[in-house]
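Given next are the chains, with one letter for each unit.
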Amino acid sequence: MSKPKRSRRRNDNRALSFSEARYRALFEQNPTMIVTLDAELRMLSVNPSCASQLGYRVDEMKRQSVLMLFPQYEHAAVIDQLQKCLENPDQVYHWQFHKVRKNGDRLWVEETAQAVHDLEGALNLLVVCQDITERKRAEEEREQLLLQLEAVLDNINEGVMISDLEGNVLNMNKEALAMHGYEGSGNFRRQLSEYQDVFEVTDFAGVPVPLEQWPLARALRGERFIDYEICVRRKDTGKFLVGSYSGAPVPNKSGEIILSVVTMRDISELKRAREELQRDKVWLEQKVEERTADLRDTIASLRDEVNERIRVQRALEAETGERYRMEQELREKELLLLQQSRLAAMGEMIGNIAHQWRQPLNILGLLAQDLAMTHKSGNFTIEYLDGTTKKMLETINHMSRTIDDFRNFFVAGKQKVDFSIAEVVQQTLSLLEVSLSNLQIRTTLVSDCDAVVNGYPSEYAQVLLNILGNAKDALVARHVADPTIRIEIGKEGDLSVVTITDNAGGIPDEIFDKIFDPYFTTKGPDRGTGVGLYMSRTIIERNMGGSLTVQNVAGGAQFRIAVQCRPVEVQVDATSTGVEALGAEGDHVRTDGLPMLFAGVWERHES
């Protein structure tokens, strides 16, 4: 070999070694992920940056299928793209895929690939890969923000137009499209100057507005304006509107204008209304001039009328004050009537207490005498003493409960409460049982249900007491052979209905319409005040929103109390008070809880 050829070969080898060293340094130190693949898609070489970013060592990746770096769902698409590269060596391909790190984390990558031949002429693939996860996340966030912005724009009642710095319209919301005659999205994405072929813009005098004074152009120049009113007509359809436009530039963080925003409202109807208002104003001014003279006379007449109305108003105020004073007096009288009614009931209750206590007191006396006689006779034992003491204590406890019952009756409730109709009826009968028993008046209580109402239980009991007292007095005054009072508790729809029926012969026709009048009584001044039934109706109808009525039935009178029910019903034990309940076969059964030492008293009453 000649000397020049040997020299040239040495130079070529040096250049090749230099190129190889430079390529290796570029490959090893490049922060971008670089992989070379053979035709079977096995990794021939992997630079350290690629192995590090994917969590592997270089030796772990060599000779492995490149598909190990992709999730299963991407395999088909990856193979398809790489095969296209192998089939077209002269073309450079770009794509984006998910890749999987060794620890299972996923990242977005953008890859650039091209088929190349190695020194032996085999076809390989050179793939350069870049992590674009953060860019993808930013793009997704931007897309989400754009979707939210579009939703906001499409749901406001003003039109919105957005353009870039070159005057290209980027977006128009539904309101803006409709205002300017675009069907759906329409072909609105144009450059500002191209809109001169679509729209004719004029002022209210019909003078054309130059393009540089159009709202979008003003905003692009950095102007901020509000309610810029112009007339807009589409040249192709003739659609006309009067628009009110507001605009402003949109700067970036550095203060440089990057977008412009224009909002708009169709004020065509408002403009027509303004013109009509102006015409009406002119007409009204003419009418005002014509009517001014007439109004002077009218004012004088009105002045006299106002003075008269002032006089009437003062008289009305005086009358209103008098009516208020009379209402106050009437309210005070009603309270006085209620108090009189309660005092009358209290007087009768004191008599009932005396009746209730008479027999227990007699029994206590008999037991005390029997103690002394037994001691004298020598038959006194500790067992006898304990038994007698127990009977005396039971009697005293019964007397104490009697006092509690009468005391509770006169406790006035200040607030409405839910209460059982059956319980109040039974408690009221227990207050009168001795008085009715002594007069040989038989009482019958029939209850189909127990309704709960909202009101004042003590006032409801007072109404029952008044009606039962009147029935008792009528039975005694008319000397009825078999005096009977029947109380029935039932429901009619959502009403609780209590009827009290006697067999005293009924109410005479001549006084039937007067029995609820205040101070009307048939008992005489020494026995009645005439406020009982009047206050009873006031309590039921005004205080509890119900009704109190009366009618004559066969053999007597029947009072009916109806009050709105509560929806919840409460079951009440009928054995808790000392009244008669209607038995299964219609006979009268004592259901009180008195000690056995009173049994003889009740037996005598029943006989």
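The structure displayed is predicted, hence computed values, not measured ones.

**Remarks on the overall build of the protein chain**
Move 1: Along the backbone of the protein chain there are 14 helices and 20 strands.
Move 2: Scored against the burial criterion, the 607 residues of the protein chain give a buried share of 36%.
Move 3: Here the analysis covers contacts within the protein chain between residues at least 6 apart in sequence; of these, 57% occur between residues at least 24 apart.
Move 4: When the accessible surface of the protein chain is totalled, it reaches about 36400 Å², and 53% of it is carbon and sulfur.

**Observations regarding helix H11 (residues 457–477)**
A turn of α-helix holds 3.6 residues, and therefore any two residues three or four places apart point the same way.
Move 1: The end-to-end C-alpha distance of H11, which contains 21 residues, comes to 30 Å, matching closely the 30 Å that a straight helix rising 1.5 Å per residue would cover.
Move 2: With 16 of 21 residues buried, H11 is to be regarded as a mostly interior element.
Move 3: A positive backbone phi angle near 50 degrees is found at histidine 479, which sits one or two residues after H11.

**Side note on the pattern of salt bridges**
Pairing is possible between side chains of opposite charge, provided their charged atoms come close.
Move 1: One pass over the full model with this rule turns up 31 salt bridges.
Move 2: Between arginine 221 and glutamate 223 there is a salt bridge; the shortest N-O distance is 2.7 Å.
Move 3: Judged by its relative accessible area of 44%, arginine 221 is partly exposed.
Move 4: Aspartate 227 is paired through a salt bridge with arginine 265; the nearest N and O atoms lie 3.2 Å apart. Of the two residues, aspartate 227 sits in strand S9 (residues 225–234) while arginine 265 sits in strand S11 (residues 257–266), which places them 38 residues apart along the sequence.
Move 5: Assessed through its relative accessible area of 41%, aspartate 227 is described here as partly exposed.
Move 6: Residue arginine 265 is classed as partly exposed on the basis of its relative accessible area of 32%.
Move 7: In the salt-bridge network here, residues are joined through shared partners; they are Arg57, Asp59, Glu60 and Lys102.

**Digging into the nonpolar core**
Move 1: If you look at the biggest cluster of nonpolar residues, it comprises 42 residues, and the most contacted ones within it are Tyr460, Ile485, Ile487, Val498, Phe559 and Ile561.
Move 2: Elements that contribute at least two residues to this core include exactly helix H10 (421–438), H11, strand S15 (484–492), strand S16 (495–502), helix H13 (532–543), strand S17 (547–553) and strand S18 (556–564).
Move 3: If one sorts the elements of this core by residue count, H11 sits on top with nine residues.
Move 4: Filtering out sequence-adjacent residues up to four positions away, valine 498 remains in contact with Ile421, Tyr460, Leu464, Ile487, Glu488, Ile489, Phe559, Arg560 and Ile561.
Move 5: Met43, Val46, Phe70 and Phe97 belong to the second largest nonpolar core, which has 29 residues in total.

**Quick look at the environment of leucine 548**
Move 1: Locating leucine 548 in the fold gives a position in strand S17.
Move 2: Setting aside residues no more than four positions away along its own chain, leucine 548 makes contact with Ile467, Phe516, Ser536, Arg537, Ile540, Glu541, Phe559, Arg560 and Ile561.

**Examining the sheet that holds strand S4 (residues 106–117)**
Move 1: One open sheet holds the five strands; their spatial order is S2-S1-S5-S4-S3, and the pairing between them is antiparallel. The open sheet has two free edges, formed respectively by strand S2 (43–46) and strand S3 (93–100), since each of these has just one partner strand. Averaged over all pairs of adjacent strands, the angle between strand axes in this sheet comes to 30 degrees, irrespective of strand direction.
Move 2: Taken together, the nine bridges between S4 and strand S5 (residues 123–131) define a ladder with antiparallel strand orientation. Within the sheet, the bridge partner assigned to histidine 117 lies in S5 and is leucine 123.
Move 3: Against the sheet, helix H4 (residues 75–87) engages strand S1 (33–37), S3, S4 and S5, with an angle of about 145 degrees to S3.
Move 4: The sheet strands contacting helix H5 (residues 133–154) are S3, S4 and S5, and the helix crosses S4 at an angle near 125 degrees.

**Points about the packing of H10 against H11**
The description of two helices packed together rests on the angle between their axes and the distance between the axes.
Move 1: Two elements in contact, H10 and H11, have axes separated by 10 Å at closest approach and are oriented at 40 degrees. Looking at the two axes, H10 sits oblique to H11. In this structure, H10 crosses over H11, and the sense of that crossing is right-handed. Side by side, H10 and H11 meet where Ile421, Val424, Val425, Thr428, Leu429, Leu432, Ser435 and Leu436 of the first sit next to Pro457, Tyr460, Ala461, Leu464, Leu465, Leu468 and Lys472 of the second.
Move 2: The residue inventory of the contact of H10 with H11, partitioned by class, reads twelve nonpolar, two polar and one charged.

**Observations regarding the environment of isoleucine 485**
Move 1: Checked against the element boundaries, isoleucine 485 lands in strand S15.
Move 2: In sequence terms isoleucine 485 and leucine 468 are 17 residues apart; their C-alpha atoms lie 8.1 Å from each other.
Move 3: Dropping the residues within four chain positions of it, isoleucine 485 is found in contact with Leu436, Ile441, Arg442, Thr443, Thr444, Leu468, Ala471, Lys472, Leu475, Ile500 and Thr501.

**As for the packing of H11 against H13**
Move 1: Contact geometry for H11 and H13: axes closest at 9 Å, N-to-C directions at 145 degrees. Here H11 runs over H13; the crossing is left-handed. Side by side, H11 and H13 meet where Glu459, Tyr460, Gln462, Val463, Asn466, Ile467 and Asn470 of the first sit next to Gly532, Leu533, Ser536, Ile539, Ile540 and Asn543 of the second.
Move 2: Per-class residue counts for the contact of H11 with H13 are six nonpolar, six polar and one charged.

**Some details on unusual backbone geometry**
Move 1: Even without being glycine, aspartate 227 reaches a positive phi, approximately 55 degrees.
Move 2: The phi torsion at histidine 479 lies on the positive side, around 50 degrees, for a residue other than glycine.
Move 3: Among the residues examined, histidine 479 registers a relative accessible area of 69% and is labelled exposed.

**Quick notes on the confidence of the model for the protein chain**
Move 1: Averaged over the protein chain, the pLDDT score is 81; the fraction of residues at 70 or greater is 80%.
Move 2: In the model, residues 569–607 has pLDDT below 50 throughout and makes 68 contacts with residues more than four positions away in sequence or in other chains.

Each value, and the rule that gives it
Residues numbered from 1 in each chain as written. Predicted model: local features only at pLDDT ≥ 70, side-chain atom pairs only at ≥ 80, totals over all residues. Heavy atoms only, no water. Helix = DSSP H or I, 4+ residues; strand = E, 2+ residues; numbered from the N terminus. Buried < 20%, exposed > 50% of the residue type's maximum accessible area, 1.4 Å probe, protein only. Contact = heavy atoms within 4.5 Å. Areas by Shrake-Rupley, 256 points an atom, 1.4 Å probe, with all protein chains shown as cover. Expected span 1.5 Å × (residues − 1). Salt bridge = Lys/Arg side-chain N within 4 Å of Asp/Glu carboxyl O. Core = buried A, V, L, I, M, F, W, Y, C linked by side-chain atoms within 4.5 Å. Pairing = 2+ DSSP bridges. Axes fitted to C-alpha atoms, helices over the stretch in contact; angles between N-to-C directions. Parallel < 35°, antiparallel > 145°, perpendicular 65-115°, else oblique. Left-handed = near helix turned anticlockwise from the far one by under 90°. Nonpolar A, V, L, I, M, F, W, Y, C, P; charged D, E, K, R; others polar. pLDDT = per-residue confidence, 0-100.

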